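Residue-level structural notes
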Amino acid sequence: MFNNFFEKALLTTRSVYNFGSPNDCGLNIFENHIVLESIWSQNDFERNERIKFQRTFFFQINFVNHTINLINISNSLPIRNDIWNIKSPDSSLNALISNYKENCEENQFLEIWQSERCIHNINLTKLNKHSKIYENTSCFGSFKWSSNSKKIAYIAEAKNTNTEKSFFSAKIGDDEKSMNENNYEEKYSNNYRDEWGEQYVGKAQSIIAIYDLESNDVKILDNIPIGFAPGKLSWYKSYGIVFHAYYTKPYRLGLIYCPIRKSELFYYDILENKCVQLTNFQNENVRSPQFSNDFENLVWLQNQARGPHFQCSKLMMMNWTTKSIITIVDIVDQPNTIKDFPGIFSISLNDKCWSLDNKRIILNSQFNGRNRIISIDIDSKVITNLSNGIEQEYSLGFLKMEKDWICGVLQSYTHVPQLVLAKLPNKNNEQKINWNLTSTDNNLSNLATTEILDFTPKIPDSKYPCLNFQSFLVQATKRNDTLVVFPHGGPHSAFGCEFSPHVAIMYSLGYSILLINYRGSSGFGQNSIDSLPGKIGTNDVKDCQQAAEFVVSKYKFKNAVLYGGSHGGYLTTQLIGQFPDFYSAAAARNPVTNLESMLYTTDIPDWVLVEGLGEYDYDFKIGSCSIPRELYEKSPISHVDKVKTPTLLMMGKVDLRVPCSQSIEFYKALRSRDVPVK
């Protein structure tokens, strides 16, 4: 019987992971037609990698009501796994960054294509002006054409100038220059240096490079102040670049999923080869600068550079002529109702976020347990949720905008991602937006239903007594008697009604899933975020248990099991210790099990102090003897004597965020107490 179930589970997993998800798209608008070129990816289990393919949609525009009629969909075509692939503003050229291995050595190439032929192909590795180009991520990666389609600016790792293989074979000069810190780090390849942590191995010092199409050469912008690492950039016309840059002192901390690192805005005048610092906040995170189409205004996201790793952000704007700065959207502490705007919860702005009239910003944001596209009027500061006609249990994400046509991604727990198109209405009519589906295939709604559950905590927070929390119950149509309790990671993230292969596999096999947005989740106002630091292991655990007990009782489930990763793994291992008789089994992916030991091994020690103690600043001295006991008491390991639940621990060998030692510690603790564990 077990073999039959295992075979069914394997087939179900392969089937679910065959669904593709859209990564990017291009919109080409010709008179009354739209050509949507979309890039998708899916898992290839045989090759154990993500593969990419392209689907092209052809539409006819009805200008009377701004609807579209689908004319044709092309067959899916496999495409190369290029790092970057962007079209020039005049649509005549495509620029690509590709990897190619030659004699076991990986080379990066910059390719320029015109009319389906390659007109330039530069081996950037052999050019040896910088190390690898940064990928398209929310923190660093940028690869952008200038407005005249003659230059490309991109972010890369600084040139590796290490020439010595060993400290002991190095020749040390007598002059003072050879012994200074910068030269010392360049000289010794075995010398430790800070990097930006998880998923940024090999990334320590970023630079900005400019490729000039006319000279067919690459230039490094060399006047950026020491102590800063450039991040996202935006062209000012064809001769200037605005970018945010991270402080590299006193030390680098993990950056991915952590938009709270200290940063500033800079402007680089390419003609004068001069770099000017635009802001001097010192204790703020500024990121994702974007110029308006007329280059009159610059907007960016901003929040404090301390505390919880993901929090509510402000939308700021600088008048480029006067350099005056105003706040367009401020921090929202607490929305009045569940339907009100909870503040901006977004990691970055889209490259094309400005409307044609240069009066509105379009962006993604978490919105009370949903992902939504919002419009912000820079004059009136009115915020509009562009979800007209979208049902509550759906997520709507922003992918691309061209000439006020918005391409979004619509999905839910029972609907795989699909593309939708809409024309942004005229100013003050945004709420009338009309979304058009590009296709209606791959609907799994016959396998499960989704219910939204709102909870009032049994024991309110004394400082934030008005906070409630939310859960999604996804019940299998042919359900068995087992409920999977699934708390999210972060902890300052949220389940946002996005399609999850994990969830789809579970309900396809008859399991029902309870996805919990406990207090501290993002998208519910800043008070929700601030309520959790210093109270992990208490508030989040109580919320999860309250939701689990309610659903088990109301829907008559006989078994409850746990599943979660990262902070969700922390909650999984906390719950089996604090409620040892409630859960039949538990599976934890890269769980945090011992805050005390994690403090000295993770790429984000500040996370441990913020969430465990409720405070942190850059002046904290790692190694303080007064802290570890408090951290231990808030760790799952402190409850290990009470654990009875059979537990599966899953970990990554090279995980820098939650080191595998966290799982190994917990594994040995359970084994020594004869608790079933693998």
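Described below are features of the structure shown in this document. Once a new chain begins, its residue numbering starts again from 1 and follows that chain's sequence as written. Only residues with pLDDT of 70 or above have their local features reported here, since the model is predicted, and side-chain atom pairs are shown and tallied only from 80 upward, although totals for entire chains, interfaces and linings are computed over all residues. In computing side-chain properties, one takes all heavy atoms of the structure into account and sets aside hydrogens as well as water.

Another aspect to go through is the overall build of the chain. Every helix listed is a DSSP run of H or I at least four residues long, and every strand listed is a run of E at least two residues long, numbered separately from the N terminus. When you go through the chain residue by residue, the secondary structure sums to eleven helices and 35 strands. Computation of the radius of gyration draws on C-alpha atoms alone. For the globule rule, the value is 2.2 Å times the number of residues to the power 0.38. By the compact-globule yardstick of 26 Å for 678 residues, the chain fits well, its C-alpha radius of gyration being 26 Å. Referenced to the eigenvectors of the C-alpha coordinate spread, the extents of the chain come out at roughly 75 × 70 × 50 Å. Looking at the 678 residues of the chain, the share that counts as buried comes to 55%. We call a residue buried when its accessible area falls under 20% of the maximum for its residue type, exposed when it is over 50%, and partly exposed in between, using a 1.4 Å probe and counting protein chains only.

Quick look at the environment of Ile 97 now. Tracing the backbone shows Ile 97 in strand β7 (residues 94–102). Look past the residues within four positions of Ile 97 in its chain and what remains in contact with it is Asp 82, Ile 83, Trp 84, Phe 109, Leu 110, Leu 124, Ile 133 and Phe 143. By the convention used here, residues are in contact when the closest approach between their heavy atoms is within 4.5 Å.

Before going further, it helps to spend a moment on helix α9 (residues 605–613). Of all nine residues making up α9, eight are buried, and the element is well covered by its neighbours. The complete set of buried residues in α9 reads Pro 605, Asp 606, Trp 607, Val 608, Leu 609, Val 610, Glu 611 and Gly 612. On its buried side, α9 packs onto α7 (567–578), α8 (595–598) and α10 (628–633). Directly beyond the C-terminal end of α9, a positive phi value near 90° is found at Gly 614.

The sheet built from four strands is open, its strands ordered β14-β15-β16-β17 with antiparallel pairing. Of all strands in the sheet, those bounded by a partner on one side alone are β14 (228–236) and β17 (274–277). Taken over all neighbouring pairs, the strand axes of this sheet differ in orientation by 30° on average, direction set aside. Following DSSP output, two strands are said to pair if at least two bridges run between them. Bridge analysis of strand β15 (residues 240–247) against strand β16 (residues 263–269) gives seven bridges, and the strand direction is antiparallel. Bridge pairing in β16 links Gly 240 to Asp 269. Orientation is described by lines fitted to C-alpha atoms, with helices fitted over the stretch in contact, and by angles between N-to-C directions that extend from 0 to 180 degrees.

Moving on, we get to the pattern of salt bridges. A side chain of one charge can pair with a side chain of the opposite charge when the charged atoms of the two come close. Salt bridge, as applied in this entry: a Lys or Arg side-chain nitrogen positioned within 4 Å of an Asp or Glu carboxyl oxygen. Taken as a whole and judged by the stated rule, the model has 27 salt bridges. Here Lys 87 makes a salt bridge to Glu 37, at a shortest N to O gap of 3.9 Å. In this pair, Lys 87 sits in strand β6 (residues 84–87) while Glu 37 sits in strand β2 (residues 33–44), placing the two residues 50 residues apart along the sequence. Lys 87 gets classed as partly exposed once you look at its relative accessible area, which sits at 35%. For Asp 377, the salt bridge goes to Lys 427, with nearest N and O atoms at 3.5 Å. Of the two residues, Asp 377 is situated in strand β23 (residues 371–377) and Lys 427 in the loop between β27 (415–423) and β28 (436–437); the sequence distance between them amounts to 50 residues.

Let us now look at the packing of aromatic side chains. Only the six-membered ring of Trp is used, alongside the rings of Phe and Tyr, when aromatic pairs are assigned; centres must lie within 6.5 Å, and planes under 30 degrees apart are stacked while those over 60 apart are edge-to-face, with the rest tilted. Within the structure shown, the criterion is met by 31 aromatic pairs. Ring centres 6.2 Å apart and planes at 10° place the aromatic pair Phe 57 and Phe 59 in the stacked group. A relative accessible area of 1% places Phe 59 in the buried class. Here Phe 486 and Tyr 563 contribute two aromatic rings whose centre-to-centre distance is 5.0 Å and whose plane-to-plane angle is 70°, an arrangement assigned as edge-to-face. With Phe 486 in strand β31 (residues 482–487) and Tyr 563 in strand β33 (residues 559–565), the pair connects residues that are 77 residues apart, well separated along the chain.

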